[in-house]
Amino acid sequence: MRIVIVGASRFGTATAEELTGAGHEVVLVDRDGDKLERLAEELDCGFLEGDGSLPSILRDAYGDGADALVLLTNADDVNILAALVGRSVGYPRVVPQIVRNQLLAVCEELGLENLITPHATVARSIVRSLEDRSDAALDLRSHSGFDVLGYRVGTEQQGKALSELNLPRGSRPIAVTREGENHLVTDETELQEGDLLIVAVAEDARDKMDKLFPNAEE
C-alpha cells in the first residue's frame, strides 16, 4: 500500500516506521522542513514539506495514487480539516487522530468514520492489563507521545472528585487501584488516600502532575 501521513509527531514517525518496516510505501508530510531533514536519516520513506491541510500539498503527496491518508498532527482541528480536504482530493480512505471526545460527534456528522482515538485505545489496553493482572509492560512512549504513570493519592486529594483536582492539560485519568481492586474513573470519582491513580500523561504535563502528586510510580 501507499500511505500518506500528515504530522511528523512521535506518533506519526512511529507509524511511518512501522509501515515502512512492513513493506509499505510511505510519504510523511510536515511543515517543519528541519525535522523532516533529520528524519530522512532514520526513515526509509518519502518526505514532503508543507501544510498537510492544503489541497495542493495533499495532491502532491497523492501523486499517481494513494491508498490512505492518515492525519497524526497534535491538533484535532487540523486533522479534521485535512481529512475533509483529503477526501475531496480523492483519497479512498482518510483516518484522522482525534484526542478530544467532544469532537467525535462532529466527526460522525462529517462522515469521518475511521478514527484514531489514542486515549480511549490506551484506556482499554490498561483495563485489560489490570483485569488480567498481566505483568506485561505497556510500551506507549514512542507510539503515542505520552506515558502511563501511577500517582499515589495523598492527604491533599483525600475525598476530592477528579473534577476538583484541576489536572493539567495533556493528562487523562484512566483507572484507580484501591485495596487490590481496579476501577475505571469518571469526573465524579472520589479519591481516597492511598489510592493509585493511573493517568496517561503527555511529556509537557509531567512536571505539573509531579507537583500535584509527588509520589509518582511507574
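These numbers come from a predicted model, not from an experiment. (Residues numbered from 1 in each chain as written. Predicted model: local features only at pLDDT ≥ 70, side-chain atom pairs only at ≥ 80, totals over all residues. Heavy atoms only, no water.)

Draft legend 1. Spotlight on helix H4 (residues 76-89). For H4, built from 14 residues, the straight-helix expectation of 20 Å at 1.5 Å per residue is met to within 8% by its first-to-last C-alpha distance of 20 Å. Among all positions in H4, only Asp 76, Asn 79, Ile 80, Ala 82, Ala 83, Val 85, Gly 86 and Val 89 are buried. Residues of H4 that are buried sit in contact with helix H3 (55-62), strand E4 (68-71), strand E5 (94-96) and helix H5 (104-109). Looking one or two residues beyond H4, the residue adopting positive phi is Gly 90, at roughly 125°. (Helix = DSSP H or I, 4+ residues; strand = E, 2+ residues; numbered from the N terminus. Expected span 1.5 Å × (residues − 1). Buried < 20%, exposed > 50% of the residue type's maximum accessible area, 1.4 Å probe, protein only. Contact = heavy atoms within 4.5 Å.)

Draft legend 2. Structural context of the sheet that holds E4. The strand order across the open sheet built from five strands is E3-E2-E1-E4-E5, with neighbouring strands paired in parallel fashion. Each of the sheet's edge strands pairs with one partner strand only, and the pair in question is strand E3 (46-49) and E5. Each neighbouring strand pair of the sheet contributes to a mean axis angle of 20°, computed without reference to strand direction. The sheet contact formed by strand E1 (residues 2-6) and strand E2 (residues 25-30) spans five bridges and is parallel. Bridged to Ile 3 within E2 is Val 26. Running over the sheet, helix H1 (residues 10-21) touches E1 and E2 and is turned about 170° from E1. (Pairing = 2+ DSSP bridges. Axes fitted to C-alpha atoms, helices over the stretch in contact; angles between N-to-C directions.)

Draft legend 3. Examining the environment of Ala 83 more closely. By the element assignment, Ala 83 lies in helix H4. On a C-alpha basis, the gap between Ala 83 and Val 95 in space is 7.0 Å, while along the polypeptide they are 12 residues apart. With residues near it in sequence (within four places) discarded, Ala 83 still touches Leu 71, Val 94, Pro 96 and Leu 112.

Draft legend 4. Summary view of the packing of aromatic side chains. Applying the stated criterion across every chain, the model contains two aromatic pairs. Summarising the aromatic geometry, the rings of Tyr 62 and Tyr 91 are spaced 4.9 Å apart at their centres and angled 80° between planes, so their arrangement reads as edge-to-face. Of the two residues, Tyr 62 sits in helix H3 while Tyr 91 sits in the loop between H4 and E5, which places them 29 residues apart along the sequence. Residue classification places Tyr 62 among the partly exposed residues on the basis of a relative accessible area of 22%. Among the residues examined, Tyr 91 registers a relative accessible area of 3% and is labelled buried. Aromatic side chains Tyr 151 and Phe 213 sit 5.5 Å apart centroid to centroid with 50° between the ring planes, which places their arrangement in the tilted category. Of this pair, Tyr 151 sits in strand E6 (residues 146-152) while Phe 213 sits in the loop between helix H8 (206-212) and strand E10 (216-217), and the two are 62 residues apart along the sequence. On the accessibility criterion, Tyr 151 (0% relative accessible area) is buried. (Phe/Tyr/Trp six-rings, centres within 6.5 Å; stacked < 30°, edge-to-face > 60°.)

Draft legend 5. A look at the side chain of Thr 189. Summarising the element assignment, Thr 189 is placed in the loop between strand E8 (181-184) and strand E9 (196-202). Judged by its relative accessible area of 16%, Thr 189 is buried. Reaching out from Thr 189, the side chain makes a polar contact with the backbone nitrogen of Thr 186 at a distance of 2.9 Å. Apart from the residues lying within four places of it in its own chain, the contact partners of Thr 189 are Lys 160, Ala 161, Leu 162 and Leu 184. (Polar contact = N/O pair within 3.5 Å; in protein donor to acceptor, adjacent residues only side chain to side chain.)

Draft legend 6. Molecular detail of the confidence of the model for the protein chain. In the predicted model, the protein chain carries a mean pLDDT of 83, and the fraction of residues at 70 or more is 84%. Across the protein chain, element-level confidence peaks in E3 with a mean pLDDT of 97 and bottoms out in helix H7 (residues 141-144) with 43. For the stretch residues 134-144, pLDDT sits under 50, and the model shows 19 contacts to residues farther than four places along the chain or on other chains. (pLDDT = per-residue confidence, 0-100.)

Draft legend 7. Region of interest: H3. Turning to H3, its buried residues are Ile 57, Leu 58 and Ala 61. For H3, the angular spread of the buried residues around the axis is 95°, confining them to a single face. Facing away from the buried side of H3 by over 90 degrees, the exposed positions are Arg 59 and Asp 60. Gly 63 occupies a position one or two residues after H3 and carries a positive phi of about 60°. (Arc of directions from axis to C-beta.)

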